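Coordinate analysis (summary)
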Amino acid sequence: MAKIYLDPGHGGTDSGAQGNGLQEKNVTLAIALKTRDFLYRDYEGHSVRLSRTGDQTRSLNYRTNDANSWGANYFVSIHINAGGGVGYEDYIYNGSISSQTITYRDRVHAEIMKQVDFNNRGKKRANFHVLRESRMPAILTENGFIDNAGDAAKLKSDDYLNRIALGHANGIASALGLRRKTGGGGGNTYIVKEGDTLWSIAQAHNITVSELKSLNNLTNDIIYPGQVLIVTGAVYHTVQSGETLWGIAQLYGTTVDAIKNFNGLTGDTIQPGQRLRVK
Ligand SMILES: [Zn+2]
């Protein structure tokens, strides 16, 4: 069981950097919570602990002591930069480190850069407390500059925070070799259980019996427990208030373009209550 320690920077009486109407502590918490959610949604075989799940004040010692005593396998500290730059960078300790620290960092860096369009300021090293005092591989990410209007606009978008968090989750999963979940929202096969009928399986997957039979080249209605059936059919989603095409694509493991193609959408505008084919 891989143990992942997420450390949203600052909190409580320590707001961190501020700019453009944002406080660092709130943005880091949002990214950390989303990262946790993506890790549990998409992967299995791990547990996640956070240094805070709300607006608590946490000393640097608390954070590293907590991760050390829990026996975390990876320490990921999430921050927002300030001071006049633009873009994303990350840090590992500038003293003695394991080769694993570098490998993990490379994977996290690559996955985050796949999701975001931040200016890439590169992979850096520094003598930060959380990197030095943690007894496991550790990384500190700086996700844009709060005092840069362009970066701050991205950090105000919930969609963009999802992208940042998905990059963190995929990077951590790649570093630790987590298994991606099968089944659930993105699954396309079903194992027949005792008592199932073609009709009950078709109902459960929002397809017709004849679609189910043609997907599986079945010439009669006989199925048996343990049989693996292809159940990929059209999947529909009803748009909820506040959802975006990107968010819905993430939910079903597909792309914005694929959803737009299925539904003949020319723009990105969707309405609550709209029924979209997503697969
Ligand atoms: Zn910070």
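Procedures and definitions
- Residues numbered from 1 in each chain as written.
- Predicted model: local features only at pLDDT ≥ 70, side-chain atom pairs only at ≥ 80, totals over all residues.
- Heavy atoms only, no water.
- Helix = DSSP H or I, 4+ residues; strand = E, 2+ residues; numbered from the N terminus.
- Buried < 20%, exposed > 50% of the residue type's maximum accessible area, 1.4 Å probe, protein only.
- Contact = heavy atoms within 4.5 Å.
- Areas by Shrake-Rupley, 256 points an atom, 1.4 Å probe, with all protein chains shown as cover.
- Lys, Arg positive; Asp, Glu negative; His and termini not counted.
- Charge placed at Lys NZ, Arg CZ, Asp CG, Glu CD.
- pLDDT = per-residue confidence, 0-100.
- Donors = N, O, S within 2.8 Å, 3.2 Å for Na, K, Ca; no water.
- Expected span 1.5 Å × (residues − 1).
- Axes fitted to C-alpha atoms, helices over the stretch in contact; angles between N-to-C directions.
- Parallel < 35°, antiparallel > 145°, perpendicular 65-115°, else oblique.
- Nonpolar A, V, L, I, M, F, W, Y, C, P; charged D, E, K, R; others polar.
- Domains from an automatic or database assignment.
- Buried area = accessible area lost by both parts, 1.4 Å probe.
- Polar contact = N/O pair within 3.5 Å; in protein donor to acceptor, adjacent residues only side chain to side chain.
- Core = buried A, V, L, I, M, F, W, Y, C linked by side-chain atoms within 4.5 Å.
- Pairing = 2+ DSSP bridges.

1. Quick notes on the overall build of the protein
A count of helices and strands for the protein gives ten helices and 14 strands. In the protein, which comprises 279 residues, the share counted as buried stands at 48%. Sequence separation of at least 24 residues holds for 75% of the intrachain contacts in the protein that already meet a minimum separation of 6. With an accessible surface of roughly 13,200 Å², the protein has 47% of that area assigned to carbon and sulfur atoms. Side chains of the protein carry 30 positive and 26 negative charges; the gap between the two charge centres is 3 Å.

2. So, the confidence of the model for the protein
Do not read the predicted coordinates in detail wherever pLDDT is low. In the predicted model, the protein carries a mean pLDDT of 91, and 96% of its residues have values of at least 70. Per-residue pLDDT stays below 50 along residues 183-187; that stretch engages in three contacts with residues further than four places along the chain or on separate chains.

3. Things to note about the coordination of the zinc ion
Geometry sets the ideal angles at a metal, namely 109.5 degrees for four tetrahedral donors and 90 or 180 degrees for six octahedral donors. Protein coordination of the zinc ion is provided by His10 (NE2), Glu24 (OE) and His79 (ND1), with donor distances spanning 2.1 to 2.2 Å. Owing to a relative accessible area of 18%, His10 belongs among the buried residues under this scheme.

4. Concerning helix H6 (residues 158-176)
Relative to the 27 Å expected for 19 residues at 1.5 Å per residue, H6 spans 27 Å between its end C-alpha atoms, a close match to the ideal helical length. Of all 19 residues making up H6, 16 are buried, and the element is well covered by its neighbours. Phi for Gly177, located one or two positions after H6, is positive at around 65°.

5. Brief notes about the packing of helix H9 (residues 245-252) against helix H10 (residues 256-263)
One way to put it is that H9 packs onto H10 with a least axis distance of 8 Å and a crossing angle of 100°. With respect to H10, the axis of H9 lies roughly perpendicular. Of the residues in H10, those touching H9 at Leu245, Trp246, Ile248 and Ala249 are Val256, Ile259 and Lys260. When grouped by side-chain class, the residues that make up the contact of H9 with H10 number six nonpolar, no polar and one charged.

6. What about the domain arrangement of the protein?
Here the domain parsing of the protein yields domain 1 (2-180), domain 2 (184-230) and domain 3 (236-277). Taken together, the contact pairs six residues of domain 1 with five residues of domain 3. When the buried surface of domain 1 facing domain 3 is broken down by residue, Arg41, Asp159 and Arg163 rank first, second and third, together holding 70% of it. Scanning the region where domain 1 abuts domain 3 turns up two residue pairs in polar contact (both at pLDDT 80 or more). When residues of the side of domain 1 that touches domain 3 are assigned to their parent elements, the largest contribution, four residues, is made by H6. Classifying every residue of the side of domain 1 that touches domain 3 by side-chain character gives one nonpolar, two polar and three charged.

7. Re the environment of Ala165
Along the chain, Ala165 turns up in helix H6. Put simply, Ala165 and Arg58 are 107 residues apart on the chain and 22 Å apart in space, counted from C-alpha to C-alpha.

8. Topic: the environment of Ala169
The residue Ala169 is located in helix H6 in this model. The exposure class of Ala169 is buried, given its relative accessible area of 0%. C-alpha of Ala169 to C-alpha of Thr254: the two residues are 85 residues apart in sequence and 17 Å apart in space. Other than its neighbours up to four places away in sequence, Ala169 contacts Thr35, Phe38, Leu39 and Tyr43.

9. Side note on the nonpolar core
One finds Tyr74 and Ile172 to be the most contacted residues of the largest nonpolar core, which totals 39 residues. At ten residues, H6 tops the list of elements feeding residues into this core. Look past the residues within four positions of Ile172 in its chain and what remains in contact with it is Ile4, Leu6, Thr35, Leu39, Tyr74, Val76 and Val108. Ala72, Phe75, Tyr91 and Ala126 belong to the second-largest nonpolar core, a separate cluster that totals 13 residues.

10. Some words on the environment of Val278
Relative to the helices and strands, Val278 resides in the segment after strand S14 (275-277). Given the relative accessible area of 0%, Val278 is considered buried. For Val278 and Gly253, which are 25 residues apart along the polypeptide, the C-alpha to C-alpha distance reads 9.4 Å. Beyond its immediate sequence surroundings of up to four residues, Val278 is in contact with Val235, Tyr236, His237, Ile248, Tyr252, Thr254, Ile259 and Phe262.

11. Examining the sheet that holds strand S5 (residues 46-50)
Spatially, S5-S1-S6-S9-S7-S8 is the arrangement adopted by the six strands of the open sheet, whose pairing is mixed. At either end of the open sheet lies a strand with only one pairing partner, and these are S5 and strand S8 (120-126). On average, each strand axis in the sheet is tilted by 20° relative to the strand beside it, whichever way the strands run. By the bridge criterion, six bridges tie strand S6 (residues 74-81) to strand S9 (residues 138-145) in an arrangement that is parallel.

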